[in-house]
Amino acid sequence: MTLADLASRTGFPKSSVMGICHALTHEALLVRGVDGTYALGSHLFELASAARAHSWPIHDIGFSYPVDESFFLAEIDALHTEAGRLGARLHVHTAKESTTIKSQRILEFVSAGVDLVLIEPVATDGLEEACAQARAARIPVVALGSAVSGLTLAIAAIALV
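So, here is what we can say about the structure in this document. Numbering of residues starts from 1 in each chain and follows the order in which that chain's sequence is written. Residues qualify for local features only when their pLDDT is at least 70, as the model is predicted, and side-chain atom pairs are given and counted only at 80 or more; totals for whole chains, interfaces and linings, by contrast, use all residues. Side-chain measures were taken over the full set of non-hydrogen atoms in the model, leaving aside hydrogen atoms and water.

## Brief notes about the overall build of the protein
- The secondary structure listing takes helices from DSSP runs of H or I that are at least 4 residues long and strands from runs of E that are at least 2 residues long, numbered from the N terminus. Counting secondary structure elements, the protein contains six helices and seven strands.
- For the protein, the succession of helices and strands along the chain, N to C, is α-α-β-β-α-β-α-β-α-β-α-β-β.
- Restricting the contact set of the protein to residue pairs at least 6 apart, pairs at least 24 apart contribute 56%. Whether two residues are in contact is decided by their heavy atoms, any of which lying within 4.5 Å being enough.

Here you go:
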């Protein structure tokens, strides 16, 4: 798809989509063709293949977000829809733009035994210990929106993939 097509389909401003595509391309989740179009990247296929090979069921998903703003509330609605499609329960908690609270939320999700932790980070550093504990418990932690030190994966925007 072209950048204009992606912006049209997602409803995001073209400048935002360009930044998201750049981040996804950096992570090999998208590839950019010589004609400027974007396609799914090799890392995405590797992740999907590994998940399928392990028959990784998802029953509980933890999601931590910074504040009750329209963007995050829309994201929560989309996550509820996707969790419902998977037959999973979504556990949502705010972190009030605090890295300390975000770390606590990750550890709470680990203690609760969720299958996947999704976060909207407020900073790129400060979550390494909580992420290490999640990794030790074999629970992936995925950042939505930006990269964070110590995470399993950073995804700039799920809607584009």
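Still more to cover.
## Regarding the environment of His 43
- Residue placement: His 43 occurs in helix α3 (residues 42–53).
- Using a 1.4 Å probe on the protein chains alone, a residue whose accessible area is under 20% of its type maximum counts as buried, one over 50% counts as exposed, and one in between counts as partly exposed. Residue His 43 is classed as partly exposed on the basis of its relative accessible area, which comes to 24%.
- In sequence terms His 43 and Val 31 are twelve residues apart; their C-alpha atoms lie 9.8 Å from each other.

## Side note on the pattern of salt bridges
- Just to be clear on terms, a salt bridge is a Lys or Arg side-chain nitrogen sitting within 4 Å of an Asp or Glu carboxyl oxygen. Evaluated as defined, the whole model comprises three salt bridges.
- One salt bridge in this structure joins Arg 85 and Glu 82, with 2.4 Å as the shortest N-O distance. Of this pair, Arg 85 and Glu 82 both sit in helix α4 (residues 70–86), three residues apart, which is roughly one turn of that helix.
- On the accessibility criterion, Glu 82 (33% relative accessible area) is partly exposed.
- The partner of Arg 105 in a salt bridge is Glu 108, and the shortest N-O contact between them spans 3.2 Å.

## Describing the packing of aromatic side chains
- The criterion for an aromatic pair is that two Phe, Tyr or Trp rings (for Trp, the six-membered ring) have centres within 6.5 Å, with stacked assigned to planes under 30 degrees apart, edge-to-face to planes over 60 apart and tilted to the rest. Taken as a whole and assessed by the stated rule, the structure comprises two aromatic pairs.
- Ring centres 5.3 Å apart and planes at 85° place the aromatic pair Phe 71 and Phe 72 in the edge-to-face group.
- For Phe 71, a relative accessible area of 43% puts it in the partly exposed group.
- Using a relative accessible area of 12% as the deciding quantity, one classes Phe 72 as buried.

## Describing the nonpolar core
- Ile 61, Phe 63, Leu 90, Leu 116 and Leu 118 are the most contacted members of the largest nonpolar core, which totals 14 residues.
- Counting only elements with at least two residues in this core, the list comes to β3 (60–65), α4, β5 (116–119) and β6 (141–144).
- At four residues, the largest contribution of residues to this core is made by α4.
- Only buried residues count toward a nonpolar core. Its members are Ala, Val, Leu, Ile, Met, Phe, Trp, Tyr and Cys residues joined through side-chain atoms within 4.5 Å. Residues Leu 127, Ala 134, Ile 139 and Ala 143 belong to the second largest nonpolar core, which totals 13 residues.

## A word on the side chain of Asp 115
- You can see Asp 115 is positioned in the loop between α5 (99–112) and β5.
- Here Asp and Glu are counted as negative and Lys and Arg as positive; His is not counted, and neither are the chain ends. Buried and unpaired, Asp 115 has no salt bridge, with Arg 89 as the nearest side chain of opposite charge at 6.6 Å.
- Polar side-chain contacts of Asp 115 include one of 2.6 Å to the backbone nitrogen of His 59. We call two N or O atoms a polar contact when they sit within 3.5 Å, provided that within protein one can donate a hydrogen and the other can accept it, with sequence-adjacent residues counted only if both atoms are side-chain atoms.

## A closer look at the pairing of β3
- Taking burial as the measure, the six residues of β3 include six buried ones, the bulk of the element.
- With burial as the criterion, each face of β3 is covered, one bearing Asp 60, Gly 62 and Ser 64 and the other bearing Ile 61, Phe 63 and Tyr 65.
- When the strands point away from the viewer, a crossover counts as right-handed if the path from the first strand over the helix to the second runs clockwise. Of the crossover connections in this fold, the one passing from β3 over α4 to the parallel strand β4 (residues 89–94) is right-handed.

## Points about α5
- Each residue after the first adds 1.5 Å to the expected span of a helix. In this model α5 runs 20 Å from its N-terminal to its C-terminal C-alpha over 14 residues, within 8% of the 20 Å that 1.5 Å per residue would give.
- Considered for burial, the residues of α5 that qualify are Lys 102, Ser 103, Arg 105, Ile 106, Phe 109 and Val 110. Along the axis of α5, the buried positions cluster into a sector of 160°, meaning they face one direction only. Seen from the buried face of α5, the exposed residues on the opposite side, beyond 90 degrees, are Thr 100, Ser 111 and Ala 112.
- Where α5 is buried, its residues contact β3, β4, β5, α6 (128–136) and β6.
- Two or three places before Thr 100, at the start of α5, stands the capping residue Ser 98, its side-chain oxygen 3.3 Å from that residue's backbone nitrogen.
- Backbone geometry just after α5 places Gly 113 at a positive phi near 75°. The arc in question is the one traced by the directions running from the helix axis out to the C-beta atoms.

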